[in-house]
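Single-letter residue listing:
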Amino acid sequence: MKQTPDRLFSQPLEQVPDFAFNEDVVKVFPDMIKRSVPGYPTIVENLGVLAAQFAQPNSVLYDLGSSLGAVTQALRRHVKAEGCRVIAIDNSHAMVERCREYLHAQDSMFQELLPVEVMEGDILALEFQPTSLVALNFTLQFIAPEQRPALLQHIRQALLPGGALILSEKIRFEDHIEHELLGDLHVAFKRANGYSDLEIAQKRSAIENVMKPDSLEQHRERLLAAGFSKVVPWFQCINFASLIALP
Ligand SMILES: Nc1ncnc2c1ncn2[C@@H]1O[C@H](C[S@+](CC[C@H]([NH3+])C(=O)[O-])CC(=O)[O-])[C@@H](O)[C@H]1O
Ligand SMILES: O=C(O)C(=O)Cc1ccccc1
């Protein structure tokens, strides 16, 4: 996969527009997400490993907010259950187009991969089929906070017994000192990955209106309120974490 370096915020902008998953972002997205999200490659690869433990024969696996299909590709590498298929969905036209290209490339490199349907659409309007595995990998944080409970309820209602939701998010911390410390460490992570202070500052103002992280406590309470029986954190790297929620 060729990786165009992310320089989207490297020049001073008079006004920083709200972040959008448009063609410019799509071009640099693999580089951007790897250099911005601590633990991203580990989360994606192990999401495949975890999914293989929950996937049930002849069921649907969902990749919600699939972007370029990194999670779908990991599901296809790891899930061996008979008759599973993946539904990947994203509401960014630019992402969906490029995702389809990447998945065709994976098709031509490997045999017997799970079939995938890539849909362009809003996950808030999705009619879920019975599913054994739902991945929300850094997608819920971009959904309006007031819409989050209903989405999680729809997922819970669609999950088969023995299935799971895997939810990865940037995390806010209720303790002020913990929040500042992990925020500073995230900035250090970005600097170590070659982003300048200007890039970091402009990206921060681009995402502040569109990406609203919750705390681990909020996630747990909302998942339990949506009918999940158990919430198990399985990964945290600085201020990014991933949870397994069981029906
Ligand atoms: N309502 C919505 N309906 C559908 N898609 C949406 C919606 N809102 C946002 N998106 C989509 O959710 C994705 C979030 S990125 C996910 C990374 C991927 N999971 C990965 O593991 O590489 C996270 C990030 O960039 O930090 C974008 O592609 C949006 O278009
Ligand atoms: O860049 C950041 O600071 C983030 O919190 C993560 C991110 C990664 C990719 C797109 C938008 C936000």
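Source: prediction; values computed, not measured.

### Comments concerning the environment of Lys203
Locating Lys203 in the fold gives a position in helix 7 (residues 197–207). Beyond its immediate stretch of four places on either side in the chain, Lys203 contacts Phe9, Phe19, Met32, Ser36 and Lys190.

### What about the UniProt feature "binding site: S-adenosyl-L-methionine" (unreviewed entry) in the protein chain?
The feature "binding site: S-adenosyl-L-methionine" (unreviewed entry), as given by UniProt, occupies Tyr40, Gly65, Ser66, Ser67, Asp90, Asn91, Asp122, Ile123, Asn137 and Arg204 in the numbering adopted here. Of the residues just listed, which span 165 residues, the most distant C-alpha pair is 25.1 Å apart, and they do not cluster in one region. Looking at where Asn91 falls in the secondary structure, it is placed in the loop between strand 2 (85–90) and helix 4 (93–109). Residue contacts for Asn91: discarding those within four places in its chain leaves Gly121 and Asp122. Positionally, Arg204 belongs in helix 7. Judged by its relative accessible area of 52%, Arg204 falls in the exposed class.

### Examining the nonpolar core
Among the nonpolar cores identified, the biggest contains 43 residues, and Phe19, Leu61, Leu75, Val79 and Leu133 are the most heavily contacted of them. No other element matches helix 2 (residues 40–54), which puts seven residues into this core. Residues contacting Leu75, with those up to four places away along its chain left out, are Ala51, Leu61, Val86, Leu114 and Leu133. Judged by nonpolar contacts, the second largest core, of 25 residues, contains Phe128, Leu140, Ile155 and Leu243.

### A closer look at the pattern of salt bridges
Throughout the structure, instances matching the rule amount to eight salt bridges. The residue Arg98 makes a salt bridge to Glu23 at a minimum N-O spacing of 3.8 Å. Of this pair, Arg98 sits in helix 4 while Glu23 sits in helix 1 (residues 23–36); the two residues are 75 residues apart in sequence, bridging distant segments of the chain. Residue Arg98 is classed as buried on the basis of its relative accessible area of 17%.

### Notes on unusual backbone geometry
Positive phi is not limited to glycine here, since Asn58 has a value of about 60°. For Asn58, the location among the structural elements is in the loop between helix 2 and strand 1 (60–64). We classify Asn58 as exposed; its relative accessible area is 64%.

### What to know about the packing of helix 1 against helix 6 (residues 176–192)
The interhelical angle for the contact between helix 1 and helix 6, taken along N-to-C directions, is 135°, at an axis separation of 8 Å. By the angle between their directions, the pair helix 1 and helix 6 is classed as oblique. Two secondary-structure elements touch here, helix 1 through Lys34, Arg35 and Ser36 and helix 6 through His186, Phe189 and Lys190. Counted by class, the contact of helix 1 with helix 6 contains one nonpolar, two polar and three charged residues.

### Focus on the side chain of Ser215
In this fold, Ser215 is placed in strand 6 (residues 214–215). Polar contacts involving the side chain of Ser215 include one to the side chain of Glu174, which spans 2.7 Å. Here Ser215 is in contact with Ile171, Arg172 and Glu174, once residues within four sequence places are set aside.

### Focus on the site of ligand 1
Around ligand 1, 21 residues are found, and the nearest of them are Tyr40, Gly65, Ser67, Asp90 and Asn137. Measuring from a nitrogen atom of ligand 1, one finds a side-chain N or O atom of Asp122 at 2.9 Å. For ligand 1, the protein covers 94% of the area, taking 660 Å² as the surface of the free molecule. Among the secondary structure elements, those contributing two or more residues to the shell around ligand 1 are helix 1 and helix 3 (70–78).

### A look at the pairing of strand 5 (residues 159–172)
Burial within strand 5 is extensive, with ten of its 14 residues counted as buried. By the bridge criterion, six bridges tie strand 4 (residues 131–137) to strand 5 in an arrangement that is parallel. Bridge pairing in strand 5 links Val134 to Leu165. Handedness of the crossover joining strand 4 and strand 5 through helix 5 (residues 148–158) is recorded here as right-handed. Pairing geometry for strand 5 and strand 8 (residues 240–246), over six bridges, is antiparallel. Across the sheet, Leu165 pairs through a bridge with Ala245, a residue of strand 8. Pairing analysis gives two bridges linking strand 5 to strand 6, with the strands arranged parallel. Within strand 6, the residue paired with Ile171 across the bridge is Asp214.

Definitions and limits used
Residues numbered from 1 in each chain as written. Chains lettered and ligands numbered in written order. Predicted model: local features only at pLDDT ≥ 70, side-chain atom pairs only at ≥ 80, totals over all residues. Heavy atoms only, no water. Helix = DSSP H or I, 4+ residues; strand = E, 2+ residues; numbered from the N terminus. Contact = heavy atoms within 4.5 Å. UniProt positions renumbered as here; feature names shortened; annotations may be inferred. Buried < 20%, exposed > 50% of the residue type's maximum accessible area, 1.4 Å probe, protein only. Core = buried A, V, L, I, M, F, W, Y, C linked by side-chain atoms within 4.5 Å. Salt bridge = Lys/Arg side-chain N within 4 Å of Asp/Glu carboxyl O. Axes fitted to C-alpha atoms, helices over the stretch in contact; angles between N-to-C directions. Parallel < 35°, antiparallel > 145°, perpendicular 65-115°, else oblique. Nonpolar A, V, L, I, M, F, W, Y, C, P; charged D, E, K, R; others polar. Polar contact = N/O pair within 3.5 Å; in protein donor to acceptor, adjacent residues only side chain to side chain. Near = heavy atom within 4 Å. Areas by Shrake-Rupley, 256 points an atom, 1.4 Å probe, with all protein chains shown as cover. Pairing = 2+ DSSP bridges. Right-handed = clockwise from strand over helix to strand, strands pointing away.

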